[in-house]
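Architecture at a glance
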Amino acid sequence: MNGESVKLSVVIPVYNEEENLGPLLDELFPILRGLERPFEVICVDDASTDRSANVIKELCDTYKELRLVRHGVNCGESAAEASGFSQSRGEVVITMDADLQNDPSDIPSLLKALEDSDAVCGVRAIREDSWLKRVSSWIANGFRNWITNDKVSDAGCTFRALRKNALAEIPVFNGMHRFLPTLLRFQGYRVVEIEVNHRPRIHGQSKYGIGNRMFRGIVDCFAMIWWRRRCVPGDRLRKDSREAAHQG
Ligand code: UDP
Ligand code: MG
């Protein structure tokens, strides 16, 4: 496909998801074709230790719009998203997990809501995860919103539709994916939420538990206080400089 014409990029971070990739792409591609706009799917292999990268390579023969980006070392979901963003050619980027927990049939609704906003974040209406995970997420969302003075319902749901130009102003750090809606709002972008379907993970394992989310998440929250005060919201800056030029 001619890269210039791509309108939509789907970015999928992948870490040890060998059994999920075939069924996911078999489900995703008919939905993307139905949208009737040029698209690409970028699977970012975050240095998987299973056959994920080979499976993606094999699937590239079936799906010509599929691209593989590979990390040399495991860098985490945020870094995988960021690599996908920098490789993407579409003006709109969809992010989704590789584990079949997100339902590709929600994509048209995400894109519809993006018509009046800069970012649309999925909220898992009925979450198909363990009770421990649900309770810890509920506490983490509350704490995050309290510290950042935001109202993000489900920061852990990375099924989102995003305007590519807005992503250019977002700092990349390990854990960024959970703060993406808040970071976009800090920059002055319009962020909305819609309910999405959520399905149980059948193959492979979740990469997150309480241990690798809690302490790091708390530290990140305090970094957000600093960032909120110091960030330079690009859109307002450009508007102000246009107004200044006009007045001058
Ligand atoms: N992932 C990744 N690198 C990592 C950890 C996770 O690319 O170091 C990917 C993973 O393969 C999945 C997505 O990030 O596609 C979300 O991970 P997971 O499903 O384990 O998170 P959960 O849904 O349990 O919060
Ligand atoms: Mg998952």
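In case you missed it, the structure is sitting above this.
Parameters and conventions
- Residues numbered from 1 in each chain as written.
- Chains lettered and ligands numbered in written order.
- Predicted model: local features only at pLDDT ≥ 70, side-chain atom pairs only at ≥ 80, totals over all residues.
- Heavy atoms only, no water.
- Salt bridge = Lys/Arg side-chain N within 4 Å of Asp/Glu carboxyl O.
- Helix = DSSP H or I, 4+ residues; strand = E, 2+ residues; numbered from the N terminus.
- Patch = residues over 30% accessible without salt bridge, like charges linked within 9 Å, V, L, I, M, F, W, Y side chains within 5 Å.
- Areas by Shrake-Rupley, 256 points an atom, 1.4 Å probe, with all protein chains shown as cover.
- Buried < 20%, exposed > 50% of the residue type's maximum accessible area, 1.4 Å probe, protein only.
- Phe/Tyr/Trp six-rings, centres within 6.5 Å; stacked < 30°, edge-to-face > 60°.
- Lys NZ or Arg CZ within 6 Å of the ring centre and 35° of its normal.
- Polar contact = N/O pair within 3.5 Å; in protein donor to acceptor, adjacent residues only side chain to side chain.
- Near = heavy atom within 4 Å.
- Nonpolar A, V, L, I, M, F, W, Y, C, P; charged D, E, K, R; others polar.
- Pairing = 2+ DSSP bridges.

**Digging into the pattern of salt bridges**
- If you walk through the whole model with that rule in mind, you get 17 salt bridges.
- Linking Arg 201 and Glu 17 is a salt bridge whose minimum nitrogen-to-oxygen distance equals 2.9 Å. A residue pair is termed long-range when its members are at least 10 positions apart, and Arg 201 in the loop between β7 (191-196) and α8 (214-230) and Glu 17 in the loop between β1 (8-14) and α1 (18-34) qualify at 184 residues.
- In this structure, a network of salt bridges that share partners links the residues Glu 17, Asp 99, Arg 201 and Lys 207.

**Looking at a nonpolar patch on the surface**
- A contiguous nonpolar patch, built from Trp 131, Leu 132, Val 135, Trp 138, Ile 139, Ile 210, Met 214, Ile 218 and Phe 222 and spanning about 970 Å² of accessible area, is present on the exposed surface.
- Inspection of the secondary structure puts Phe 222 in helix α8.
- Note on Phe 222: relative accessible area 44%, which makes it partly exposed.

**Examining the packing of aromatic side chains**
- Summed over all chains, the structure comprises six aromatic pairs.
- When the ring of Trp 226 is compared with that of Trp 227, the centres are 6.1 Å apart and the planes differ by 40°; the resulting orientation is tilted.
- A relative accessible area of 49% places Trp 226 in the partly exposed class.
- A relative accessible area of 21% means that Trp 227 is categorised as partly exposed.
- Here the guanidinium or amino end of Arg 144 rests over the ring plane of Phe 179, the centre of that ring lying 5.8 Å away.
- The ring of Tyr 208 is capped by Arg 178, whose NZ or CZ atom sits 4.9 Å from the centre of that ring.

**A look at the side chain of Thr 95**
- Examined against the element boundaries, Thr 95 turns out to sit in strand β4 (residues 92-95).
- The class for Thr 95 is buried, based on a relative accessible area of 1%.
- For Thr 95, the side chain forms a polar contact with the main-chain oxygen of Thr 158, separated by 2.7 Å.

**A short note on the site of ligand 1**
- Residues in contact with ligand 1 amount to 18 residues; listed here are only the nearest, Glu 17, Asp 99, Lys 133, Ser 206 and Lys 207.
- The backbone of Ala 98 places a nitrogen or oxygen atom 2.9 Å from an oxygen atom of ligand 1.
- For ligand 1, whose unbound accessible area comes to 530 Å², protein coverage reaches 95%.
- Looking at the shell around ligand 1, the elements with two or more residues in it are β1 and α3 (77-87).
- Its residues assigned to classes, the shell around ligand 1 comprises six nonpolar, four polar and eight charged.

**Notes on the pairing of strand β5 (residues 119-124)**
- Among the six residues of β5, six are classified as buried, and the element is accordingly described as predominantly covered.
- What you see with β5 is no split at all: Ala 119, Cys 121 and Val 123 on one side and Val 120, Gly 122 and Arg 124 on the other are buried throughout.
- Summarising the sheet, β5 and strand β6 (residues 160-163) pair through three bridges and their orientation is antiparallel. Its bridge partner lying in β6, Val 120 is registered against Ala 161.
- Sheet topology note: the β5/β7 ladder contains six bridges and is parallel. Along β7, the bridge assignment pairs Val 123 with Glu 195.

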